[in-house]
Amino acid sequence: MLTASARPLEHPAREEIRLEAVLHALADPMRLQVVRTLAAMGQGEEAACSAIDLAVSKSTTTHHFRVLREAGVIAQIYRGTAKMNALRRQDLDALFPGLLATVLNADAAERERIG
């Protein structure tokens with residue numbers, strides 16, 4: 001999982017994560033794509049921002065990652081010059097049991113339905 005770095009980024013503590021912020025973060029298709037990608041990885045694995053290809057500009061990509069981090073959906077840390085990302089699955093599952101799985105299952109069903 002992610003550990004401390006010389007350039008720490010602000011993250012909400014588990015008890016500060018709010019349902020409305022998580023739902024807002026998950027409501028955007030680009031942010032949902034980030035979460036889907038991170039969820040498909042193994043527990044504790046992380047991915048660089050550049051490894052998650054979004055069909056938007058770099059500044060818009062940065063915005064989407066910031067919204068996810070500030071909502072408590074992902075954790076980010078610098079490793080050298082790369083900003084690494086991991087899904088805060090344990091925190092989300094503890095606070096909102098079944099929410100993440102339900103959203104990801106609904107997303108998969110919708111993507112299959114609309115092709």
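Keep in mind that what you see is a predicted model, and the values were worked out from it rather than measured.

A.B. asks: Honestly, the overall build of the protein in this entry has me stumped. Any pointers?
C.D. replies: Of regular secondary structure, the protein possesses five helices and three strands. For the protein, the succession of helices and strands along the chain, N to C, is α-α-β-α-β-β-α-α. The C-alpha radius of gyration of the protein comes to 14 Å, within 12% of the 13 Å expected for a compact globule of 115 residues. When burial is assessed residue by residue, the protein has 37% of its 115 residues classed as buried. Counting contacts in the protein only where the partners sit at least 6 residues apart, residues at least 24 apart contribute 71% of the total. If you sum the accessible surface of the protein, you get close to 6600 Å²; carbon and sulfur atoms cover 53% of it.

A.B. asks: Sorry if this is basic, but what is going on with the packing of helix α1 (residues 19-26) against helix α3 (residues 58-71) here?
C.D. replies: A pair of packed helices is captured by two measures, namely the crossing angle of their axes and the spacing between those axes. For the pair α1 and α3, interaxial distance at closest approach is 9 Å and the crossing angle is 155 degrees. With respect to their mutual orientation, α1 and α3 come out roughly antiparallel. For the pair α1 and α3, the crossing hand works out as left-handed. Counted together, Ala21, Val22, His24 and Ala25 of α1 and Val67, Leu68 and Ala71 of α3 form the full contact between these two elements. Taken together, the residues that form the contact of α1 with α3 break down as six nonpolar, one polar and no charged.

A.B. asks: Can you walk me through the side chain of His64 in this structure?
C.D. replies: Among the structural elements, His64 can be located in helix α3. Residue classification places His64 among the buried positions, given a relative accessible area of 6%. In this structure, His64 is in contact with Asp28, Met30, Arg31 and Val56, ignoring residues within four places of it in sequence.

A.B. asks: Help me understand the nonpolar core, please; the structure alone is not making it clear to me.
C.D. replies: The nonpolar side chains of a soluble globular protein tend to be buried with one another. Of all hydrophobic cores here, the largest spans 25 residues; its most connected members are Val22, Val35, Val73 and Leu87. Elements with a minimum of two residues in this core: α1, α2 (29-40), α3 and α5 (99-114). In terms of residue count, the dominant contributor to this core is α2 (five residues). In this view, Val22 contacts Ile17, Ala71, Val73, Leu92, Phe96 and Leu99; residues no more than four positions away in its chain are not counted.

A.B. asks: Just to check I follow, could you spell out the sheet that holds strand β3 (residues 82-87) for this structure?
C.D. replies: The strands that make up a sheet are held in pairs by hydrogen bonds between backbone atoms, and each pair lies either parallel or antiparallel. The strand order across the open sheet built from three strands is β1-β3-β2, with neighbouring strands paired in antiparallel fashion. On the outer flanks of this sheet lie β1 (47-48) and β2 (74-79), each paired with one strand and no other. Where β2 and β3 come together, six bridges link them in antiparallel fashion. In the sheet register, Ile77 faces β3, and the bridge partner there is Met84. Running over the sheet, α3 touches β2 and β3 and is turned about 120 degrees from β2.

A.B. asks: Could you clarify how one ought to interpret the environment of Ala27 in this entry?
C.D. replies: With respect to the helices, strands and loops of the structure, Ala27 is situated in the loop between α1 and α2. Classification of Ala27 by relative accessible area gives exposed; the value is 62%. Put simply, Ala27 and Val103 are 76 residues apart on the chain and 9.6 Å apart in space, counted from C-alpha to C-alpha.

Reading guide: rules and limits
Residues numbered from 1 in each chain as written. Predicted model: local features only at pLDDT ≥ 70, side-chain atom pairs only at ≥ 80, totals over all residues. Heavy atoms only, no water. Helix = DSSP H or I, 4+ residues; strand = E, 2+ residues; numbered from the N terminus. Rg over C-alpha atoms; globule rule 2.2 N^0.38 Å. Buried < 20%, exposed > 50% of the residue type's maximum accessible area, 1.4 Å probe, protein only. Contact = heavy atoms within 4.5 Å. Areas by Shrake-Rupley, 256 points an atom, 1.4 Å probe, with all protein chains shown as cover. Axes fitted to C-alpha atoms, helices over the stretch in contact; angles between N-to-C directions. Parallel < 35°, antiparallel > 145°, perpendicular 65-115°, else oblique. Left-handed = near helix turned anticlockwise from the far one by under 90°. Nonpolar A, V, L, I, M, F, W, Y, C, P; charged D, E, K, R; others polar. Core = buried A, V, L, I, M, F, W, Y, C linked by side-chain atoms within 4.5 Å. Pairing = 2+ DSSP bridges.

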